[in-house]
Structures are given as structure tokens and as C-alpha cells.
Amino acid sequence: LKPTISLSHFPILKRLSLSFSSRSRNGSAIVSDYPLSRKASVKLIIYHVTVIFLHYVETELSLCALSYCLSVFFPSLFFSGCAIIRPPRDGGIRYRGLTQEQILPVDYEIEYICRGNRVIVGPKVRKCLPNGTWTDMTQHSRCLLLCPRVWTSLENGRVAAKPPGPPVEGTVLHYSCHAGFILEGRNISHCTKLGKWDAPKPTCLCECLSKKKLYIGALFPMSGGWPGGQACMPSAQMALDLVNNRSDILPDYELELIHYDSMCDPGEATKLLYDLLYTEPIKIVLMPGCSGVSTLVAEAARMWNLIVLSYGSSSPALSNRQRFPTFFRTHPSATLHNPTRVQLFQKWKWTRIATIQQTTEVFTSTLDDLEQRVKEAGIEISVRQSFLTDPAVAVKNLKRQDARIIVGLFYETEARKVFCEVFKEKLYGKKYVWFLIGWYADNWFKIKDPAINCTVENMTEAVEGHVTTEIVMLNPETVRGVSNMTSQEFIAALMSRLGGKNPEETGGFQEAPLAYDAVWALALALNKTVAPLKAKGRRLEDFNYNNHDITSEIYRALNTSSFEGVSGQVVFDAQGSRMAMTLIEQLQGAGPPADRTVVIEEYRFLSQKLFAAVSVFAGLGILLGIVCLTFNIYNGNVRYIQNSQPYLNNMTAVGCMMALAAVFPLGIDGHHVLRPQFPVVCQFRLWLLGLGFSLAYGSMFTKIWWVHTLFTKKDEKKEKKKQHLEPWKLYATVGVLLAIDFLSLMIWQIVDPLHITVEKFTTEAPKEDLDVLIQPLLEHCSSEKMNTWLGVVYGYKGLLLLLGIFLAYETKSVSTEKINDHRAVGMAIYNVAVLCLITAPVTMILSSQQDASFAFASLAIVFSAYITLVVLFVPKMRRLITRGEWQSEQQDTLKTGSSTNNNDEEKSRQLERENRELQKIIQEVNPHHISQICTLLLSNMHFHILYS
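Residues numbered from 1 in each chain as written. Predicted model: local features only at pLDDT ≥ 70, side-chain atom pairs only at ≥ 80, totals over all residues. Heavy atoms only, no water.

Asker: Quick one: what's the story with the state of the cysteines, residue by residue and with numbers?
Answerer: Simply put, the disulfide is a covalent bond whose two ends are the sulfur atoms of two cysteines. Counted by the stated rule, this structure contains seven disulfides. Note that Cys-177 is cross-linked by a disulfide to Cys-204, the S-S spacing being 2.0 Å. In this structure the cystine formed by Cys-177 and Cys-204 twists about its S-S bond by roughly -90 degrees; its chirality is therefore left-handed. With a gap of 27 residues between them, Cys-177 in strand β9 (residues 172-177) and Cys-204 in strand β12 (residues 203-206) connect regions that are remote in the sequence. Taken as a pair, Cys-177 and Cys-204 share a single burial class, namely buried. (Disulfide = S-S within 2.5 Å. Helix = DSSP H or I, 4+ residues; strand = E, 2+ residues; numbered from the N terminus. Buried < 20%, exposed > 50% of the residue type's maximum accessible area, 1.4 Å probe, protein only.)

Dropping the structure here:
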């Protein structure tokens, strides 16, 4: 029988067959599927030959013999391989070749890879074994973050890592120092899950060896044109002390300053520079101050292989890297301010300027740069003057050529000379603007100088309004920089070191932060060079004037400096100059002069003293009105008060208080409220005054009107006296007057509401020396047809006032108990009418004079209200207080010998009432009491007769 060959009998055959069929489709070599060894490749070749042979062998014996031989000689071919395993967390597997099968062949290798900056800990590569397992399965592979390796080494000490291997999560480092060194910091550090050590790296400090000194040659100008060394030298020394006490900056070195006074004179500086270079010890860096001196030092430093770091030079020429290849400065170039100056010229629309300079290299190069920039901006330099020591001729030329906008470039001492001449030539004031350098000392123009013959007052007058441009030399923010000191703390420390000297009289006080940061920039740069030099087998103390390697390292370190100092962020540009912001200041200036007369609108406001004084009187009047109103209400049941029509008096008091309250909005103007709110104030004025007048005057007018109506006709006098005056008629009369006012005001505001109008006056010239005119303006409450409305209101009110005067005159001799205070009302009407009739036309005439108009109107209101309240209420208070008439009408009937009125009519009426009461008593009592009652009656009548 022919045997049926089934690949299922041989798993490896099936796998190889599948592999062969799949690979044959894409044309790949079969052997290339397996990254196997040479021995395994030979076995596969033999196996494939065997498969081909089986297609031609047809005997069962040959098949069995072949299978037996294969199993003996190649047992590994009959195993299934290794299953795919999972990668470690935060990692993956890099497969080699066949990756589509779930079972990987024997000798197949996989490689673990980790994500990001993690590293593999444990076996990185695993291999499939013939028994179906992977190599090193007892060891786990993990992807962990790597902590910085710099912690694993310690200069002058030892580091022991547990467990050994790369510094990953869980690694613990133990530190110890060699003999003669002390460990500073923690002796143990752990690598955390975040890939960071939990403690700073410690250091091993030498116990016995002293620090090596590095010397800095400095030139501080303690006198001369710019005595900046007076504050800069103490500032630099303060920085050196702090640097030398830091263990993390140059721990093996100590910086020492060797300095001289250059007097800001290149000639003097030449001699001092010779001494610095040709005498021991060797200086590793030079630090000059003034621009002229810095130029000299930078020229020499190029030949002596020295770095130059300046704190106070601003010459634009020093930015030339070809000429000064090793020069750096913490003070920016003077040309940094020229773009700012040009922008100011353009902002204020100036097209013509003049210049005056001291003949020195720094100012000449600065002016050359400015000339180029203004030319590009379309601005003309009409006058260019210069001087060496005496600026008198140059200032006269500026005056003669009508210079207005002047840029001045000179040192502080020369600035005093210039402005003394400016005062003499009157080249200052509203028509001139001076642009100066901003690094002069504060109040530099007040310093006594024997070289000038101008007083402090003259100098102060001449410099007023000048503009300065300067870099921001002191950090305005409260931040701690590399020296662990804020700018405010630095100023306090510097003041202490100066011994309380006046900063305004100390040269270089403004530049002191630049000198302080210059020392820190140098110290940080030297500290940065220690490691690179050590890698080259060199040290800083090996420096000499021929060692270019050390100079190059210091140059590279300074060129990449960037730190927060007390003067702000310290960064150098490609030319070695400091990059900084520009500060613009003006000394008590009112603004830029204009090319024409400027008209300034200025509103006239009410005198606040007048407003306050009248407001006090109005407030006291309101308080008096409250007292009168309270008195009238409290004593409303007293007969004397009842006979004065108290409700009308209450209306009068309320009206007076409303009129007095109108004084406050009368005095409010644009000084107190915004323009959109002003119409509301106008409404308050109109309504308070209108309704207050209607209540106060209307109630008094009503009394006089009814007194005149009832008691002035002779033929009906007796009948009218017997009539009873009904109160509702009085109230109705007041209501009619009030309604007329309310309707008229309402119609006015609906048809033609009040709004703001501005009255313009003739322009005025100010007292100050300014090239402007003042346009006075005054705000009014008005409407489109203001005169018409005022004519209607004043006509109606005027007729009412005249009629009130007439009625008061007609009723002056009338005596009635129904309105017992009509004479006082008449007197009040006289006064109110006279004041109103006088004040109304006067205020219209004086409407353009805010103080006078307010004074007349407000005082008329105040006096009218005071007179009304005093005349109406004070006599009543006095009567009740002096006579004790505080009882009600019921109490008055039981009190004998008293009466509530002195006139005969009241006495007769009281007598009739008592007689009627006695008659009622007689009718109710027994007859035997009649004799007693008659006796009492006769005695009572006798008493009244005697009283009459």
C-alpha cells in the first residue's frame, strides 16, 4: 500500500511547509526567515531535502527509516518552538524577522526596548530554547527612569551604589570623602520614580589647603569728569565678599581686587595700566570704568591676552569686535538710546533738532549714530555744536540759530557749565526742550561747583523740563537673583557700606548695580571654566599672559552668561554689550512744546469754600425746620397752636426744608459729577426749588387769602366773624397752587427737558511762561426755550408774590382767632417776596459768574427760609414756654383764671360756655343744693365781671 503522508504527523513539517508556501509567494529566500546559526541552517536544508525526497519514496519502510533517522540525528526539529511573551511596562519588543506567528521558532531572539528616556534593567535580549522556553526567565526585565549620572561620582571622595548598575529607581548612593576632606551635604541619596535624586549632590572640601587667589585689575574713577568709582568700587567689593563666601562658586579660589583711581583720564590711566600689567601678581581680568579709559584698556588687553569687563563705559566704538575682541560691559552702548530719541522726535512731530557735545570719542561716535538714524527718519539736524572745556560760544551759537529741540552729550561736570550758560542766554523755558544723558547723579545741577558762577536757583530754573534717556540700572521687580539679594536689599547694603553718604552727592551711585553685577558675571564665568580646564589638564591658577586656552574658556563662559542680577537680566550681545531696557524721564516738565499756540479748555467751577459755607447754613436751616415741625406736631392739641392752622404751618416747614435742600444741587457742578450725570442734578435743582416754594409760600399765601376774604368787608364783617372757617378750603387752596407748579414743571420737562450747555468765554493767557491760551468754559442747566419757560414761571410766581404783599398789607389790622398768626405770616410774605423779586433778575444778570450767581441764589433761599421759620414758629415756642400753656383744650376748661386768648371775643365765648355748663348742672341736682349752686354761680359771675 502507498503510505499517505500527512503533515499533521510532524508539526515542524507543517510549520515549515506553511513557511515555504508563504515565503514563496513574495519571492523571499526560505533560510532568510530565520535568524539562526549556521548549524541550524544546515539542519533546515537537510530537512527540506527530506521533504522533497518523501514525494518520491513510496515504501512504508523507507518512510519509517527516514523518520527514525531524523528523530535520532535532529531531535530539535520535532518541538513546537516558543510562545510570544508580554513586554515590560513602559516598554516594547523589537522582533527579528518572523512576527506574524503566535509560536516563534527555536533560536529566535527578541529585544526589549523602553519608551522615552527610560532604560532596561534585567535581561535585554531573550532567546527561544529547544524546550519551548525563553532564556533567563527567572530574571525580570523592567523599564525605569534614569537619574543623572553626575551624582554617581564625587571629586575627592567615593560613591557606593546599591544595587550595582545604572542609577535607576530604587538605586541608593552612599558618599564618603578621602582623607583630608570633609563631606558637605547628605551622605546618602535615593533615585525616585521621577528620575531625580532626593538630595543635592554633596561635595568634599579640603581641610588643610588654603584657597588660591585670582587677581582682578580695576580702574575706578574716584574723581574727574565722572567720579563713578565713589559708589561702584564699594559695590564691586561687596560682590567680591559674597562670592568668596559661597561654597558653590569657585570653592578653591578667592577673588581679590587690585584697584587704582583713573580720574576718568586716559592719560592718567595709561600710567596705572602699566603698573597693573608689569607688576606682580598676574591679573586674570581687567575692569575699567570710563569710556575713554575703557578704550585704552581694551586696546592693550588685546595684546596682553586679557579679558576686559567694564561696568561704566558706554562708548559705541567699544562694540567693534574686530578692534576689541575680548571686551565685555554691563553698561550698554550709548547708541542704545538713539532709537528711543528718534521715536520721541517722531511722536511729538519734530522735524528739526540741534546738538551740542563735548569733544570726546564716546560722544562723537554716539552723535554720528544719531545723525544717521534721524536722517533715515526724515529729521534734520540744523545745528551741530561742540566744545572741549568751555561751552559758552557753543551755547550762544545755539541761541543765535534759533535751536529749540537740543540733544546734549557731555559729562556731568561739563553739564553744569553748559546749563549755567543756558541760563545766561535764556535758552530754556516753554519753547525749548533739552535731551540729556540719564546717568548723572540725582540733583546734579544743585551740586556746588567752583567752575560756574550760577546759583542753585539759576540752575534749577534752567534745567526744568529737560528729558533724559537711560538704561534701567536697578531691577524694578522684587526678585532674588544669583546673589540671593533683591535690588532693594542691595541699595540698603550699599548705603550701609557708604557710611550714610548722600547718594545725590556720591558719584556712580546709579551705576553701582552694574559694577556689582559685573563682578558676579566674572565669578560665574570663571566658575564655569573650572571643569573644561580640568578636562584639558589646566587650572585657573595656571593663567599667564601667553595662555590663550584659559582666555578662550573665560571668553566663552562670559559670552554665554545669563543670570538675574540686581540690575535686571544680565545678557551680552554678539559685540559684548549689555542688552537692557531704556528709561525715559523728564524733570518737572509739563509736556512737549508745540509748533503753534495751543488752546486748552478749562472749566470754571464753583468755589468749594463758598459751597461748603452755604451748605453748612442750609444744613442748619434744615435742622431748624425739623425742630419747628416736631414742635408743631407735638403741640398740635394746644388751643393756641390749633388756632394757627398747624397743618398749614407744617406745610410751610416742609417747603422751607425742601427749598434749603435745593442749595446742595445748586452748588454741584462738573467738579463733583460726570457730564452724563449732570442733567440729573439739573432736575433736582428745578423740582426741589419749585415744589419747596409752592409748599412754603403757598401755605402762607392761603392764610392771608382767606383772612382777607372773610374779614376785610365792613358790611359783612359781623356775619363773617360768626362763620366757621372750614380747614378743607385752606388745604384745597394749597393743593391748587401745588398742582399748578407740578403740572407746569412736568410739561416743561416733557416738552423741553433740561440738558447741559457750555458757555465759552474770551481766551486768557496763563500766568506761567507757557506757549498756550486758556479757553474758560462754564456749564449751565438749560433747555432749547429756556427764556420762555423762565418767563412763564417767573411771571406766575411774581404775580403771586405781589398779590401776597397786597393781601398782607390789607389784613395787617385784622384780628381773628381762626388764624391767630396771620400778622406773622404777612411779615414773612413781605420778606420772602422782596428777596425773591430782587434775587431773580440779579441771578440772571450774573449767570456767567458762577460764584456770584450761586451766592445770591443760595443766600436768598437760606434767608427766606430762616426768616419764615423764625417769624412763624419762634413766637409760638416763646409763648408756650413763658406762659406754660402746654395743656390741651380739655385741660384749659378746668383751669380757672386763665384764657387762651386776650381778646374780648374769646373771653365772652368762654363765659357763655361756662354758663351753659352751670345750667346743665342745675337741672340735674336736688333742690336743696340750689342755694349752694346759686352762690357758686354768683361768685363766678362776680369774678368774671371783675376780670372784665
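Asker: Could you give an account of the UniProt feature "transmembrane region" (unreviewed entry) in the protein chain, with specific residues and numbers?
Answerer: Within this numbering scheme, the UniProt entry marks residues 610-635, 647-666, 686-707, 728-751, 788-809, 829-848 and 854-874 as carrying the feature "transmembrane region" (unreviewed entry). A helix fraction of 100% and a strand fraction of 0% characterise residues 686-707, whose end C-alpha atoms lie 31 Å from each other. Across residues 854-874, the secondary structure splits into 100% helix and 0% strand, with the terminal C-alpha atoms separated by 29 Å. (UniProt positions renumbered as here; feature names shortened; annotations may be inferred.)

Asker: Give me the lowdown on the packing of helix α5 (residues 266-278) against helix α6 (residues 291-304), citing residues and values where you can.
Answerer: At a closest axis distance of 9 Å, the pairing of α5 and α6 adopts a crossing angle of 30 degrees. As the angle between them shows, α5 and α6 are arranged roughly parallel. Regarding α5 and α6, the two cross each other, and that crossing is right-handed. When α5 is examined against α6, the residues Pro-266, Ala-269, Thr-270, Leu-273, Leu-277 and Tyr-278 are found in contact with a partner set consisting of Gly-292, Val-293, Leu-296, Val-297, Ala-300 and Trp-304. Each residue belonging to the contact of α5 with α6 can be placed in one class, and the counts come to 10 nonpolar, two polar and no charged. (Axes fitted to C-alpha atoms, helices over the stretch in contact; angles between N-to-C directions. Parallel < 35°, antiparallel > 145°, perpendicular 65-115°, else oblique. Left-handed = near helix turned anticlockwise from the far one by under 90°. Contact = heavy atoms within 4.5 Å. Nonpolar A, V, L, I, M, F, W, Y, C, P; charged D, E, K, R; others polar.)

Asker: Got a sec to walk through the sheet that holds β9? Specific residues and values, please.
Answerer: Overall, antiparallel pairing links the three strands, which are arranged β8-β9-β11 in an open sheet. On the outer flanks of this sheet lie β8 (157-162) and β11 (188-190), each paired with one strand and no other. Pairs of neighbouring strands in the sheet enclose a mean axial angle of 20 degrees, with direction left out of account. With three bridges connecting them, β9 and β11 associate as antiparallel partners. Note on β11: the bridge partner recorded for His-174 is Ile-188. (Pairing = 2+ DSSP bridges.)

Asker: Explain the packing of aromatic side chains residue by residue, including any values.
Answerer: The tally for this structure, following the rule as stated, stands at 23 aromatic pairs. Ring centres of Phe-419 and Trp-434 lie 5.0 Å apart, and the angle between their planes is 55 degrees; on these two criteria the pair is classed as tilted. Of this pair, Phe-419 sits in helix α10 (residues 412-425) while Trp-434 is found in strand β21 (residues 433-437), placing the two residues 15 residues apart along the sequence. The burial state of Phe-419 is the same as that of Trp-434; both residues are buried. Centre to centre, the rings of Phe-419 and Trp-444 are 5.9 Å apart; their planes meet at 65 degrees, and the pair counts as edge-to-face. One end of the pair, Phe-419, is in helix α10; the other, Trp-444, is in the loop between β21 and α11 (456-463), and 25 residues separate them in sequence. Of the two residues examined, Phe-419 and Trp-444, each falls in the buried class. By the ring-pair criterion, three or more aromatic residues cluster together here, those being Tyr-274, Tyr-278, Trp-304, Phe-543 and Tyr-545. One Lys or Arg, Arg-404, reaches over the ring of Tyr-432 and ends 5.9 Å from the middle of that ring. The cationic tip of Lys-426 hangs over the ring face of Phe-423; the distance from NZ or CZ to the ring centre is 4.4 Å. (Phe/Tyr/Trp six-rings, centres within 6.5 Å; stacked < 30°, edge-to-face > 60°. Lys NZ or Arg CZ within 6 Å of the ring centre and 35° of its normal.)

Asker: Give a description of the side chain of Arg-329 that names residues and reports values.
Answerer: Tracing the backbone through its elements, the reader meets Arg-329 in strand β17 (residues 327-329). A distance of 2.8 Å separates a polar atom in the side chain of Arg-329 from the backbone oxygen of Ser-315. When residues no more than four places from it in sequence are discounted, the contact partners of Arg-329 are Leu-309, Ser-310, Ser-313, Ser-314, Ser-315, Pro-316, Leu-318, Ser-319, Phe-572, Gly-576, Ser-577 and Arg-578. (Polar contact = N/O pair within 3.5 Å; in protein donor to acceptor, adjacent residues only side chain to side chain.)

Asker: Give me the environment of Asn-453: which residues, what numbers.
Answerer: Within the secondary structure, Asn-453 is located in the loop between β21 and α11. By relative accessible area, which is 60% here, Asn-453 ends up exposed. Spatially, the C-alpha atom of Asn-453 lies 9.5 Å from that of Glu-421, the residues being 32 residues apart in sequence. When residues no more than four places from it in sequence are discounted, the contact partners of Asn-453 are Cys-420 and Lys-424.

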